[in-house]
Amino acid sequence: MLALDTSTSAVQAALVDLDGPAFEPELFLTSFRREIDGRGHVEKLGPFIEACLAEAGRTVRDVDAVVAGVGPGPFTGLRVGMVTAAAFADGAGIPVYGVCSLDAIGGNTRGRALVATDARRKEVYWAVYEDGVREGEPQVAKPAELPDTRADYAIGEGASKYAAELAVPAEAGAVYPDLVKLVELAAPRLLDGAPSERLTPLYLRRPDAQPAAGVVAPPGK
C-alpha cells in the first residue's frame, strides 16, 4: 500500500506491505521518505513516491491501494496530498482510502492524550484520545482557548510549538502522522474488499482566499 500524508509541515510518503486477516493485519514498512518543509509539498511529494518505489524494487503495478491522510490540515498542503493520492489511484486502477491524520498520531498513544497539530494563524487542530481511540470530532482553536480536555499529556507539532499555552504538559519533540498507523487504520477496508472512496478533506475552516465583496459569479458557476 502507498501511504501519503501532507496534513502537517512534514511531507511524507511510504510503501507498507500488508498481510494477514482483516481483524489482525501484519504491516511492514518497506520504504519511507519524510522532509519537514511546510511549503514543499508540491515539489517533494511526487519524487518521494518515485523514490519509495525504487528503493523497494516495486512499480506502480505492484501497489494494491493508496491511503491518504485527510487532515485536518492547512488548505494548500493537505490538498496536494489528497489530489496526488486520488490521481495515483485512478491512474493505477486501484482503490484509495482516507484516514483522519490526527488518528495516525493519536492511534499510537496510551492513557488520555491531547493530539495537536499546527493549524497556523496561532491555532491548532486537535482531538483527544483515550488509549488510542479518538473522542468526538477534530476541532480547531487557539491553544489557550481549548476546553478542559482532562488529558494527561499533549503530543504533536502543535503541542510542541505552543507548549507554554496549553493547560497540559507537552511531550518533548514534534510528532507527525505515522504512515504505518495510517495504513493499519485503513487495512480492514482493503482486506474486506471495500470500494474506493471519494476523499473528503477535513479543512475545519474556510481557505484564506475568498471572493471579493460584491463579486457575482458568472451564470452556471
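Residues numbered from 1 in each chain as written. Predicted model: local features only at pLDDT ≥ 70, side-chain atom pairs only at ≥ 80, totals over all residues. Heavy atoms only, no water.

Colleague: Could you give an account of the overall build of the protein chain, naming the residues involved and the relevant values?
Modeller: Within the protein chain, the regular secondary structure consists of 5 helices and 9 strands. Listed by position from the N terminus, the elements making up the protein chain come as β-β-β-α-β-α-β-α-β-β-β-β-α-α. Taking 2.2 N^0.38 as the reference for a compact globule, 221 residues should give roughly 17 Å; the C-alpha atoms of the protein chain span a radius of gyration of 18 Å, in line with that estimate. With the C-alpha coordinates of the protein chain rotated into their principal frame, the extents come out at 55 × 50 × 30 Å. By the burial criterion, 46% of the 221 residues in the protein chain qualify as buried. In the protein chain, once contacts between residues fewer than 6 apart in sequence are set aside, the share between residues at least 24 apart is 63%. (Helix = DSSP H or I, 4+ residues; strand = E, 2+ residues; numbered from the N terminus. Rg over C-alpha atoms; globule rule 2.2 N^0.38 Å. Buried < 20%, exposed > 50% of the residue type's maximum accessible area, 1.4 Å probe, protein only. Contact = heavy atoms within 4.5 Å.)

Colleague: How would you sum up the side chain of E123? Please name residues and give values.
Modeller: Take E123: it is sitting in strand β7 (residues 123–130). E123 sits in the buried class, given a relative accessible area of 18%. Ignoring sequence-local partners within four residues, the contact set of E123 consists of T117, D118, V140, A141, K142, P143, Y162 and R205.

Colleague: Now, about the packing of aromatic side chains: what can you tell me, with residues and values included?
Modeller: Under the definition given, this model contains 1 aromatic pair. Note on F75 and Y203: the rings are 4.7 Å apart at their centroids and 40° apart in plane angle, and the pair reads as tilted. Linking F75 in helix α2 (residues 75–92) with Y203 in the segment after α5 (179–191), this pair joins segments that are 128 residues apart in sequence. (Phe/Tyr/Trp six-rings, centres within 6.5 Å; stacked < 30°, edge-to-face > 60°.)

Colleague: Could you give an account of the confidence of the model for the protein chain, with specific residues and numbers?
Modeller: Confidence along the protein chain averages 92 in pLDDT terms, with 92% of residues attaining 70 or more. Within the model, the stretch residues 215–221 combines pLDDT values under 50 with 0 contacts to residues more than four positions away or in other chains. (pLDDT = per-residue confidence, 0-100.)

Colleague: With reference to specific residues and values, describe the pattern of salt bridges.
Modeller: This structure, assessed with the given rule, holds 11 salt bridges. We note a salt bridge from E55 to R33, for which the minimum N-O separation is 2.8 Å. Highlighted residues: E55 in helix α1 (residues 41–56) and R33 in strand β3 (residues 26–36), separated in sequence by 22 residues. Looking at E55, the relative accessible area reads 47%, which means it is partly exposed. Overall, R33 belongs to the partly exposed group, its relative accessible area being 25%. Here D118 makes a salt bridge to K161, at a shortest N to O gap of 3.0 Å. Of this pair, D118 sits in strand β6 (residues 112–120) while K161 sits in helix α4 (residues 157–161), and the two are 43 residues apart along the sequence. Take D118: its relative accessible area is 14%, and that puts it in the buried class. For K161, a relative accessible area of 52% puts it in the exposed group. Beyond isolated ion pairs, a larger network of salt bridges with shared partners links E35, D37 and K44. (Salt bridge = Lys/Arg side-chain N within 4 Å of Asp/Glu carboxyl O.)

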